[in-house]
Amino acid sequence: MNKAQFVELVQECGNYKTKVEAEAAIKAFTEAVTEALVKKEDVSLVGFGSFAAALQKGKSGTVPGTDKTYTTQDKMVPKFKAGKGLKDRVAAGK
């Protein structure tokens, strides 16, 4: 599903009058979650899931086929854990 199709789905499910309103709601949600994660705050939506920012440790290794090595830095990455309600709905939709 691409963004345009998702906007149409949100318009239907959310009873928005226009696609512009639905797209504004999606943008507001994603911006709010992004801002919370930047501040290292978790966002929990009961029944849907939770978003969190987690530290991913750096690693080192070798480039295949050569003797060159590389090292990556520690960084913060977004994580999502699905809630029970979401898992149950997806499993029932087989």
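Everything numeric in this text was worked out from a predicted model, so none of it was measured.

1. A word on the pattern of salt bridges
Part 1 of the argument: Summed over the entire model, instances satisfying the criterion amount to three salt bridges.
Part 2 of the argument: In this structure, Glu23 and Lys3 form a salt bridge, with 3.3 Å as the shortest nitrogen-oxygen distance. Here Glu23 is found in helix α2 (residues 19–38), whereas its partner Lys3 is found in helix α1 (residues 3–14), with 20 residues between them in sequence.
Part 3 of the argument: Lys3 gets classed as exposed once you look at its relative accessible area, which sits at 55%.

2. Looking at the domain arrangement of the protein chain
Part 1 of the argument: Partitioning the protein chain into domains gives domain 1 (1–39) and domain 2 (41–59 + 70–93).
Part 2 of the argument: For domain 1 versus domain 2, the separation of C-alpha centres amounts to 19 Å.
Part 3 of the argument: Counting residues at the interface gives five residues for domain 1, matched by seven residues for domain 2.
Part 4 of the argument: Both sides of the domain 1 and domain 2 interface together cover about 550 Å² of buried area, and 77% of this is carbon and sulfur.

3. Brief notes about the packing of aromatic side chains
Part 1 of the argument: Scanning the entire structure with this criterion turns up three aromatic pairs.
Part 2 of the argument: Taking the centre distance of 6.3 Å and the plane angle of 65° together, the rings of Phe29 and Phe51 count as edge-to-face. You can see Phe29 sitting in helix α2 and its partner Phe51 sitting in strand β2 (residues 49–56), a full 22 residues away along the chain.
Part 3 of the argument: With relative accessibility at 39%, the residue Phe29 sits in the partly exposed group.
Part 4 of the argument: Taking the relative accessible area as the measure of exposure, Phe51 reaches 16% and is therefore buried.
Part 5 of the argument: Here the aromatic cluster, defined as three or more aromatic residues joined through ring pairs, consists of Phe29, Phe48, Phe51 and Phe80.

Calculation notes
Residues numbered from 1 in each chain as written. Predicted model: local features only at pLDDT ≥ 70, side-chain atom pairs only at ≥ 80, totals over all residues. Heavy atoms only, no water. Salt bridge = Lys/Arg side-chain N within 4 Å of Asp/Glu carboxyl O. Helix = DSSP H or I, 4+ residues; strand = E, 2+ residues; numbered from the N terminus. Buried < 20%, exposed > 50% of the residue type's maximum accessible area, 1.4 Å probe, protein only. Domains from an automatic or database assignment. Contact = heavy atoms within 4.5 Å. Buried area = accessible area lost by both parts, 1.4 Å probe. Phe/Tyr/Trp six-rings, centres within 6.5 Å; stacked < 30°, edge-to-face > 60°.

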